[in-house]
Amino acid sequence: MTSSLMGHLVFPSENGHKVWEDQSFFKWRKRDAHVTLRCHHSVEESLKYWYERNKVNFLVANNAVWNDDAVNGALDSAAFWVKNLPFVKSLSGYWKFFLAFSPSEVPENFYDGSFPDSEWKTLPVPSNWQMHGFDKPIYTNIVYPFPLNPPFVPAENPTGCYRTYFDIPKEWKGRRILLHFEAVDSAFFVWINGVLVGYSQDSRLPAEFEITDYCHPFGSEKKNILAVQVFRWSDGSYLEDQDHWWLSGLHRDVLLLSKPSVFISDYFFKSDLAKDFSYADIELEVKIDNSRESPKENVLSKFTIEGSLYDTGDWYKSDVYADLATSSATNIKLNSVSRATLGFHGYLLVGRLSMPKLWSAEQPNLYTLVVVLKDESGNVVDCESCLVGIRQVSQAPKQLLVNGHPVIIRGVNRHEHHPRVGKTNIESCMVKDLVLMKQNNINAVRNSHYPQHPRWYELCDLFGMYMIDEANIETHGFDLSDHVKHPTLEPSWAAAMMDRVIGMVERDKNHACIICWSLGNEAGYGPNHSASAGWVRGKDPSRLLHYEGGGSRTVSTDIVCPMYMRVWDMVKIAKDPNETRPLILCEYSHAMGNSSGNIHEYWEAIDSTFGLQGGFIWDWVDQGLLKDFENKGKCWAYGGDFGDVPNDLNFCLNGLIWPDRTPHPALHEVKYVYQPIKVLFSEGTLKITNTHFYETTQGLEFTWTAHGDGCVLGSGILSLPLIEPQNSFDIDWQLGPWYNLWELSFAEEIFVVITAKLMCSTLWVEAGHVVSSTQVQLPAKRKVAPHEIKNNEAIFVSEVIEDKMKLSKENLWEIILNVQTGIIESWKVQGVLVMNKGIIPCFWRAPTDNDKGGEANSYLSLWKGASIDCLQYITESCSVQTKTDHLVKIAVVFLGVPESGNSKCLIKVEVVYTINGSGDVIMNCKVLPSSDLPPLPRVGVEFNLEKSLDKVKWYGRGPFECYPDRKAAAHVAVYEQKVEEMHVPYIVPVECSGRADVRWVAFQNGNGFGIYASIYGSSPPMQMSASYYTKAELERATHNEDLIKGDSIEVHLDHKHMGLGGDDSWSPSVHDKYLVCPVPYAFSIRFSPVTPATSGHDIYKSQLQN
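Let us look at the structure shown here.

The rules we used
- Residue positions are given per chain, counted from 1 along the sequence in the order it is written.
- Two thresholds apply to this predicted model, a pLDDT of at least 70 for residue-level local features and 80 or more for giving and counting side-chain atom pairs, whereas whole-chain, interface and lining totals are computed over all residues.
- With hydrogens and water excluded, all non-hydrogen atoms of the structure serve as input to the side-chain values.
- Throughout, the protein atoms alone are placed on a 1 Å grid, and a set of points is a cavity if a 1.4 Å probe fits but cannot get out or a pocket if it is open with protein on both sides within 12 Å along at least five of seven lines; lining residues have an atom within 4 Å of a point.
- Grid points are joined across faces, edges and corners, and a volume is the space filled by probe spheres set on the points.
- Throughout, the ten residues Ala, Val, Leu, Ile, Met, Phe, Trp, Tyr, Cys and Pro are labelled nonpolar, Asp, Glu, Lys and Arg are labelled charged, and all others, Gly among them, are labelled polar.
- To qualify as a helix, a DSSP run of H or I must reach at least 4 residues; to qualify as a strand, a run of E must reach at least 2; elements of each kind are numbered from the N terminus.
- What makes a salt bridge here is a side-chain nitrogen of Lys or Arg within 4 Å of a carboxyl oxygen of Asp or Glu, nothing more.
- Three labels apply to residues, based on accessible area from a 1.4 Å probe with only protein chains included: buried if under 20% of the type maximum, exposed if over 50%, partly exposed otherwise in between.
- Geometry of aromatic contacts follows a simple scheme: Phe, Tyr and Trp rings, the Trp one being its six-membered ring, pair when their centres are within 6.5 Å, and the pair is stacked under 30 degrees between planes, edge-to-face over 60, tilted otherwise.
- In protein, a polar contact requires one atom able to donate a hydrogen and another able to accept it; more generally it is a pair of N or O atoms within 3.5 Å, and residues adjacent in sequence count only if both atoms are side-chain atoms.

### Let's talk about empty space enclosed by the protein
Unoccupied space between atoms shows up once a probe the size of one water molecule is rolled over them. On inspection of all chains with the given rule, the structure shows 15 cavities of 30 Å³ or more. Empty space within the largest cavity amounts to approximately 250 Å³. Surrounding the largest cavity, 23 residues form its lining, Thr36, Arg53, Trp81, Glu182 and Leu255 being those nearest its centre. Class assignment of the residues belonging to the lining of the largest cavity gives a composition of 12 nonpolar, four polar and seven charged. In terms of lining residues, the second largest cavity is bounded by 15 residues, among which Thr36, Arg38, Cys386, Asn510 and His511 are the most central. Residue assignment for the lining of the second largest cavity shows that the elements contributing at least two residues are strand S20 (380-388), helix H6 (454-463) and helix H7 (494-508). Of all the elements, H6 adds the most residues to the lining of the second largest cavity, at three residues. Along the lines of polarity and charge, the residues of the lining of the second largest cavity split into six nonpolar, three polar and six charged.

Next up, the structure:
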């Protein structure tokens, strides 16, 4: 009767009160939060379950799908996750679905058994309905997608109506039935057989309802009808303003759980390590649900509670699991000692584990915990289990400690994101994320910005990944308000905020990977945070607390955890004697498009400054959604592509990887700065440091490779003694195995690469994987002389016809230069056209996302304000200075003036071409920019090659894209790629495909004819790029698929190229040393014809002064 009365009060059609617009009402009949339940019927079943469930490794990632196959992949995963759990049933599958325009338009009594749903469409569960053609996704970063008027939401509130049918298995007869929603966005009502049984909010945590009394009993011919009404918007949406797509529906699985009348409803595993880690005292707090019993007292008079830990380390040494029970490590028994304080404190079990195998990200040792409830006869009534790890998280001055060690956080932020199924999870895709993270030396993840799928935590436990678990609270949009306070300042929001924090902790409390709890993200700071912090610290003092809001240094955080703080400010805090907490950046290095510049400078500071302990890059994956565009097929979509208003365009594309988990070039740089084996060369000594805290180098094989002027001189195994954690080994470079090669080589530059590879396979990679690789340059054997060629006495013909000068030597080469403009219009090699436009000065690049950040102060705004984007080059003069039958010297002066008609010269460029009989063209350039210009995008030259010259070979950094402030991972060597391969398909096109520190480059067609360019004289290495897409085309297109190839290859050779930046993407963030200041520059480039009989290396050697 009470339930029926409450149903009338809750359901809106009964009284007009909209509970989804009442911040004080966020759940009804919802069971208390608890750990994930498995509902085993025996210890043996639970051990077999984990034996099978833990069989996961890098091979699973090969099954990851990112296209339409992901729809079935999500359903398969939902079924897989409940496999071998006879008392857990997944209701995943295709449900009947109807989307109403608003709650008022929901079909009347759609939850009744007699309601006709045959005309309704179907929708897979789990899923987001926007990913299946209903409604549309919306992407915003800060602003809410509806007017800020809490707790109210628009009347036009898309409302999903779901219906499905289920039976109760006969084995469940007489047992209690729980209906478990793993997560629903954003608020929902649920009915069983027409009876309203519950309401819940919080889009990222479970909601569970007991439905025992509302189900048709086993044996009934009636099917049970489950109906759910999901609101896209609710007052809870005000607490969920995270920087990601707004997607709705039953996006995680829906389960039925079967439990006995009295059952284990929750348990909390704790371990307290001895100071010398020789043993761990175990404490297990167990909750028993006997709410349907009468009387409820004296559970222990009828039942016993037991616990055991099983060591999983030896489980997979044989192919059978008959003896899993013999792996028992310790028993945990009920504590009979009464506490000093009065009252009931729960059922507490205690035990001791000797010589525990400790969990860390480096050595993720796990135990299986089994908790058993037995009746008076000793029969198992209920059984629960989970993976646990023995580890200690603590704090010392300016340090976060794991097992007593100040571990370094090499982290990323990770949203749950799948390009096809949105917020829905797939086993193989989660494994793919972890495998990629581990392979790229990432050891920590921040769940941004909400609790994630339960399986994610198990996988992080298994693979070894430190984690910050974050409450589903963000109210960033309130920052823009001048009339409404942040919810954290309002008492009416306190319960809802605390419920989200409590729900997270209660669900995830047994996971070893979690080292910090986070109170949320960008939600201001106030009393509600203080209250939540107090609860968490009281509930779980075994972990640290994290919260950035309020300036990242409030009393509610145990870590100074700023966002996007500049390196110098980090160091200042670390050196502040009054700040005793460690500094860990909760977000840094904003990886939007072609970004991640300067990251090596962060790590130079972190590696050398006590009190700095790492950070979490923003973020892991580009949040592009797969959309079938009318004219270009399926490609990645971002904000606004679905007609969503408001939107924040491509600000969702901040990942180190594309939506299909293909790595961006920047991931190489991350792997490098995160690598655990560091190699430094200083004062004649190679120092090899093992920065691990637990792992020695026993499992690594070290190798070396020496290169001279890009050519391999030799390689081999580098024999090193075992290096203990946090120790190093020094090598005198003259005693290294490469020294004889150095002595015998005539190369100008000699580099040595030291590589560390895994000798054995792991969960996350097969043997042979490169963990660390560092290139160092050995001392020069002699003083480096200018790169010059001797004058060639070969005779060639030069003639002027009208405004053209034709220079040629027999049928070997031919150059046509316009004597009015001073521009080469044609260059042929043995009759083959190689250059069809150029060579002209260039100071512009297609703007990157970071170039655009900062509004009026952005680099792009400054450039456009100075008309650098629209320079045209007027030839002030072109004169032949020298002309003989074996040398011609031509001087050209270009004036860079705005196309707008303003005749003011912004940049003056003086060029002298020296053309030799050998076909070599030496281009000497002097650049004289106006001193009042902003920093320049680049200083260099641009020319166009015939499009068949698609083979690019260069001596410089590579093989992947790199720039002046993002090149530490790119080794100097000789590389070869096709022009097509050099293009980096950022979802939104920007400046790309650059290669740093290029000494020489050769462009050739399939027959070997082409053109060569190199540094000359005393000029330093160049920045080089080659693309079928012009600067203008890269700037015009809004998607990579929009790009139109030109009829030629646009090549850039830059004496200077501005860095990419990346400290953030909303302010000018290129560090000073990577800016191109408007000052005079001088540089020289050598161009030469290339034939099948010549090579870039040979041409380059000809200009080295031996």
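Okay, back to it.
### As for the pattern of salt bridges
Counted under the stated rule, the structure contains 66 salt bridges. Residue glutamate 285 pairs with lysine 270 through a salt bridge whose shortest N-O separation is 3.9 Å. With glutamate 285 in strand S15 (residues 279-289) and lysine 270 in strand S14 (residues 263-273), the pair connects residues that are 15 residues apart, well separated along the chain. Accessibility expressed as a relative area gives 21% for glutamate 285, which makes it partly exposed. The exposure class assigned to lysine 270 is partly exposed, which follows from its relative accessible area of 27%. The partner of aspartate 932 in a salt bridge is lysine 904, with the nearest N and O atoms 3.4 Å apart. A residue pair is termed long-range when its members are at least 10 positions apart, and aspartate 932 in the loop between strand S47 (921-929) and strand S48 (938-946) and lysine 904 in the loop between strand S45 (887-898) and strand S46 (907-916) qualify at 28 residues.

### Here we look at unusual backbone geometry
In this structure, histidine 449 follows serine 448 across a cis peptide bond, with omega equal to -15 degrees. Following glycine 958, the chain continues to proline 959 via a peptide bond in cis, the omega torsion being 0 degrees. Relative to the assigned elements, proline 959 resides in the loop between strand S49 (951-958) and strand S50 (971-978). A positive phi angle, close to 45 degrees, is found at glutamate 810, a residue other than glycine. Tracing the chain through its elements places glutamate 810 in the loop between strand S40 (804-809) and strand S41 (813-818). For glutamate 810, a relative accessible area of 67% gives the class exposed. The phi dihedral of serine 993 falls on the positive side, at around 70 degrees, and the residue is not glycine.

### Quick look at the packing of aromatic side chains
Per the stated rule, a full pass over the model turns up 52 aromatic pairs. Ring geometry for phenylalanine 943 against phenylalanine 1087: centres 5.5 Å apart, planes inclined by 80 degrees, an arrangement best described as edge-to-face. Highlighted residues: phenylalanine 943 in strand S48 and phenylalanine 1087 in strand S56 (residues 1081-1090), separated in sequence by 144 residues. Here the two residues phenylalanine 943 and phenylalanine 1087 agree in accessibility, since each one is buried. What links up through ring pairs into an aromatic cluster is the set Trp20, Phe25, Phe98, Phe110, Tyr111, Phe115, Trp120, Phe189, Trp191, Tyr199 and Phe231.

### Observations concerning the environment of tyrosine 955
Looking at where tyrosine 955 falls in the secondary structure, it is placed in strand S49. Taking the relative accessible area as the measure of exposure, tyrosine 955 reaches 0% and is therefore buried. Put simply, tyrosine 955 and valine 998 are 43 residues apart on the chain and 5.7 Å apart in space, counted from C-alpha to C-alpha. Side-chain polar atoms of tyrosine 955 contact the side chain of glutamate 749, separated by 2.8 Å.

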